[in-house]
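# Tertiary structure, described
Spelled out from the first residue to the last, the chains are:
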Amino acid sequence: MSNEKGKIPKLFSGSLDELTKPGKKKKEERDLKKEKKQKTLYISLDTNRKLIELYAEEGRRQSKIVEDAVDLYYYLKKALGERKFDELMEVVKREDPNFLRDYLEKLKS
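Description of the structure in this document. These numbers were taken from a predicted model, which means no experiment stands behind them.

## Quick look at the packing of aromatic side chains
Taken as a whole and judged by the stated rule, the model has two aromatic pairs. Ring centres 4.8 Å apart and planes at 85° place the aromatic pair Tyr73 and Phe85 in the edge-to-face group. With relative accessibility at 1%, the residue Phe85 sits in the buried group. Here the aromatic rings of Tyr74 and Tyr75 are separated by 4.9 Å at their centres, their planes lie at 85°, and the arrangement is edge-to-face. Here Tyr74 falls in the partly exposed class, since its relative accessible area comes to 44%.

## Some words on the packing of helix H4 (residues 62-93) against helix H5 (residues 97-108)
Close contact between H4 and H5 brings their axes to 9 Å; oriented N to C, the two are set at 155°. Taken together, the axis directions place H4 and H5 in an arrangement best described as roughly antiparallel. For the element pair H4 and H5, the recorded crossing hand is right-handed. In this structure, H4 contributes Leu80, Lys84, Glu87, Leu88, Val91 and Val92 to the contact, and H5 contributes Phe99, Leu100, Tyr103, Leu104 and Leu107. Its residues assigned to classes, the contact of H4 with H5 comprises nine nonpolar, no polar and two charged.

## What about H5?
With 12 residues, H5 extends 16 Å from end C-alpha to end C-alpha; this agrees with the ideal 16 Å at 1.5 Å per step. With a side-chain oxygen lying 3.1 Å from the backbone nitrogen of Asn98, the N-terminal cap of H5 falls on Asp96.

## Concerning the pattern of salt bridges
One pass over the structure, following the stated rule, counts 11 salt bridges. In this structure, the salt-bridge partner of Lys64 is Asp68, at a minimum N-O distance of 3.4 Å. Taken as a pair, Lys64 and Asp68 lie in helix H4 at a separation of four residues, close to a single helical turn. Classification of Lys64 as partly exposed rests on a relative accessible area of 33%. We note a salt bridge from Lys77 to Glu82, for which the minimum N-O separation is 3.6 Å. For Lys77, a relative accessible area of 29% corresponds to the partly exposed category. Overlapping salt bridges, with partners in common, bring together Asp46, Arg49, Lys50, Glu53 and Glu95 in one network.

Cut-offs used in this document
Residues numbered from 1 in each chain as written. Predicted model: local features only at pLDDT ≥ 70, side-chain atom pairs only at ≥ 80, totals over all residues. Heavy atoms only, no water. Phe/Tyr/Trp six-rings, centres within 6.5 Å; stacked < 30°, edge-to-face > 60°. Buried < 20%, exposed > 50% of the residue type's maximum accessible area, 1.4 Å probe, protein only. Axes fitted to C-alpha atoms, helices over the stretch in contact; angles between N-to-C directions. Helix = DSSP H or I, 4+ residues; strand = E, 2+ residues; numbered from the N terminus. Parallel < 35°, antiparallel > 145°, perpendicular 65-115°, else oblique. Left-handed = near helix turned anticlockwise from the far one by under 90°. Contact = heavy atoms within 4.5 Å. Nonpolar A, V, L, I, M, F, W, Y, C, P; charged D, E, K, R; others polar. Expected span 1.5 Å × (residues − 1). Polar contact = N/O pair within 3.5 Å; in protein donor to acceptor, adjacent residues only side chain to side chain. Salt bridge = Lys/Arg side-chain N within 4 Å of Asp/Glu carboxyl O.

Following this line, the structure appears as structure tokens:
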């Protein structure tokens, strides 16, 4: 019994080579839309409140709402061009839905 007290338990029964062997390579082709990544968002408390509100209203995952927002931002910027997109973002920052609605009506014309 006294022998067992001083013994260090063996955690790995394989060889050192097995421990240091490189892992298997994953498939080279990946679908970025389906590949899960860990996301860390640093957002303001106000933006977090809006995200929670959207989550509650729509009953969707927050990650899906964020993905939709990124897609919307990305394609609006591509479609409108730099100047018009910056103008639109200034209107959005006013946080006035009616003013934004009026601006979008003018944009359609």
